[in-house]
Amino acid sequence: MSNNLQYQYTFDATPAPAAPVRPDPNAPLFASEDAVVASLSNSECVFQVKRTGDAHVMTFQVLQALDQCREFRTLDEHVARIQSTIPGLEHQREAVTRVLQSLIERDLLISDARFTERLAGAASAAPAPLRAIFVRACDRPAQLERLLASIADYERRHRAGRHYVVLDDSVLAANIDRHRDLLREFARTIGCKVTYVGPAERQRLYERLAKAAPQSEAALQRMLLPQPGATRFGGGRSWNLALLLSAGGRFVLFDDDQRLPLRHHELAQGGLDLNPTQLPFARFYRNMEEALAAGEEIAGDPINLHLDVCGLGLGDLVGRSEYGLNRESLRGLNLARLAHLGSDTRVLATQQGTYGSARSESAAWIYHLDAAGRADLCSSRDAYMSNIEAQFIWQGTNRARLSSISWFTPFAFDNSQLLPCTNAVGRGEDALFSAAAHFCHPDALVLELPVAVGHLQEQSRRRSTRSLQASTPRVNHFATDYIQRQFGNFLASDAAQRLGLLADIFRDLAGAGEPARVTHLREYLNYVRADAIERLQQQFETATDAPVYWQADVRSIIDANGRALIAKAPPRLGDWSEEFDAAGCARALREELGDLADNYDAWPRLWDYARDAGDKLLAGV
């Protein structure tokens, strides 16, 4: 903390006649620093800037003025707002302007240019090598065949000569044989290096890792191998395996129901969107053929598009024209909500949207679209009844944006430093990984690009049924939200130490008494449902021109969450049996969090071994 105590600020009490001023739209923007405040007397306080620790003494009236300047606006706009909101300053335009100028000089009001300068730091380190491109596959030969065909087209066009690894978590022997044959034919046709990791190869990797870290054997088995009697989705197993096989490098991850090429929407824009509360972007189509033809194929190597920014420092990122910041990027944003952006911030992973089918099992997000998206959703009643299934869509962002966590599977990962494991089972393993990664690396973010990858599921899904139900998060969603509540609470800089802290945090809740665990689950579910009601109420009040069928469904969702909010049912998460009573829920929570904690404890040793083994681990499969 700095010992720099700055001088006092106050206003001249001599009134001057107010003159109407029209703000210059091209003028610089300013926003006030985020700070902690302590009272010194009835009229004065100390204002300590969180970013630097510098302390400034000022009157409460000046503090009020600074509080009105949290968002990036022109100086004239700030002056006008202060005059209209703080009593006694209506006719003191010159005095207010003079004080704000002094605050600018003392770096308490930050200009848009000054903010951008802060992001520039040392040049980014040389990117870690690309270890491989992994494909998660599971009992879907038709989907894998389609993906490999699209990758073959990519290789013919760009001659990238990359290493492709299929992580096959299939159960049926016929599908295992078919997947192996498809990969062998792909290699024969294209000439690329390939590796197949099926159940037998996975078992050998497990045995090698268990021998290297015998104290982690139980956790390793949970993280990599199917468990007897397990019925939940197990995509996290191949995710964890990809993390180990790429430790110390970078990697790209496909799911078998995706396909190239990458496309960008005609409404895509350049630059970087820093708004942390940006609404989702989506457009809807009549059939899959239309959805797959939407937008335009990107020029150049689509995988390099991601690799070029994966691991990049924020200063280098915004220095590129396609991701540059301009005045409009910052206008109206609260500087305190941009505190996660700094010269040491880097891109930990990249993400993209999808064209074809939605990525989510629920389509409740469609009720939070902006006006243009809602108009497309509701273009007619017949279209609406089809669109609520989110089966033929474009879903993503129309402008590159940074976020602390990703709610969907990233595409390119910088695994040069320890990345955490995720839960081997259950939906939402992607968000859980991302939250744990940001906890371990608070200076790292996810960059979502305004492009999309094809997504063709094996069969149509009825998402509307789940959309209209009360919000009931799954176990991994609960863990994700619990991790997010810990952001900013710990100071350790070592990723392995922070992952150990996360294990202790989960054990703390798992070790609570049964009544405390039941109470925590009830409070969590109540919060989730109350939040869903509030956000939908805001949408309902704002969307005054929405058709009656949209309004009726929004009311139904609000009603479903309201009924669940006051129900006396046991606090079950989405993965748990309907037969669980309150004690069963408490017991399941203890077991789930205990397993996650054990996994987090074991993971750094396993990752270190995999990193030291390097390419030999993958070559030995």
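Quick caveat, the model's predicted, so the values are computed rather than measured.

> What exactly am I supposed to notice about the pairing of strand 17 (residues 393-396) here?
Put simply, side chains in a regular strand alternate between the two faces of the sheet. Of the two faces of strand 17, the one holding I393 and Q395 and the one holding W394 and G396 are both buried throughout. Where strand 14 (residues 281-284) lies against strand 17, four bridges are found, and the strand directions are antiparallel. Note that in strand 17 the partner of A282 across the bridge is Q395. Strand direction decides the pairing type here: strand 16 (residues 346-356) and strand 17, joined by three bridges, are antiparallel. In the sheet register, G356 faces strand 17, and the bridge partner there is I393.

> Please explain unusual backbone geometry as it appears in this structure.
Note: most residues except glycine have negative phi, and most peptide bonds are trans. Cis geometry marks the peptide bond from L260 to P261, where omega comes out at 10 degrees. Residue placement: P261 occurs in strand 12 (residues 258-264). In this model, D107 sits at a positive phi of 65 degrees, which is unusual for a non-glycine residue. Within the element layout of this structure, D107 appears in the loop between helix 3 (93-105) and strand 7 (109-111).

> Which parts of the structure should I look at to understand the packing of aromatic side chains?
Throughout the structure, instances matching the rule amount to 17 aromatic pairs. Aromatic side chains W239 and F413 sit 5.8 Å apart centroid to centroid with 85 degrees between the ring planes, which places their arrangement in the edge-to-face category. One end of the pair, W239, is in helix 9 (residues 235-245); the other, F413, is in strand 19 (residues 412-414), and 174 residues separate them in sequence. Accessibility expressed as a relative area gives 1% for W239, which makes it buried. For F413, a relative accessible area of 0% translates into the label buried. A ring pair is formed by F506 and Y600, whose centres lie 5.9 Å apart and whose planes are at 35 degrees; its orientation type is tilted. With a gap of 94 residues between them, F506 in helix 19 (residues 495-510) and Y600 in helix 22 (residues 582-613) connect regions that are remote in the sequence.

> What am I meant to see in the sheet that holds strand 6 (residues 73-74) here?
What links the strands of a sheet is backbone hydrogen bonding, and the strands pair in either a parallel or an antiparallel sense. Taken in spatial order, the three strands make up an open sheet running 6-2-7, and their pairing is antiparallel. Among the strands making up the open sheet, the edge pair consists of strand 6 and strand 7. Each of strand 2 (29-32) and strand 7 is contacted by helix 4 (residues 112-119), which is oriented at about 80 degrees to strand 7, the strand it contacts most.

> Any chance you could explain the environment of L40 here in plain terms?
Its place among the elements puts L40 in the loop between strand 3 (35-39) and strand 4 (44-49). The spatial distance from the C-alpha of L40 to the C-alpha of T59 is 9.5 Å, given a sequence separation of 19 residues.

> Help me understand empty space enclosed by the protein in this model?
With the rule as written, the count across this model stands at one cavity of 30 Å³ or more. Considering only enclosed or pocket space, the largest cavity measures out at about 50 Å³ in volume. Lining the largest cavity we find L348, A349, S404, P410, F433, S434, A437, H438, A444, L445 and V446. Taken together, the elements giving at least two residues each to the lining of the largest cavity come down to strand 16, helix 16 (429-440) and strand 20 (444-455). In terms of residue count, helix 16 provides more of the lining of the largest cavity than any other element does, four residues in total. Residues that form the lining of the largest cavity fall into these classes: eight nonpolar, three polar and no charged.

About the thresholds
- Residues numbered from 1 in each chain as written.
- Predicted model: local features only at pLDDT ≥ 70, side-chain atom pairs only at ≥ 80, totals over all residues.
- Heavy atoms only, no water.
- Buried < 20%, exposed > 50% of the residue type's maximum accessible area, 1.4 Å probe, protein only.
- Helix = DSSP H or I, 4+ residues; strand = E, 2+ residues; numbered from the N terminus.
- Pairing = 2+ DSSP bridges.
- Phe/Tyr/Trp six-rings, centres within 6.5 Å; stacked < 30°, edge-to-face > 60°.
- Contact = heavy atoms within 4.5 Å.
- Axes fitted to C-alpha atoms, helices over the stretch in contact; angles between N-to-C directions.
- 1 Å grid on protein atoms, 1.4 Å probe; cavity = no way out; pocket = protein on both sides within 12 Å on 5 of 7 lines; lining within 4 Å.
- Points joined across faces, edges and corners; volume = space filled by probe spheres on them.
- Nonpolar A, V, L, I, M, F, W, Y, C, P; charged D, E, K, R; others polar.

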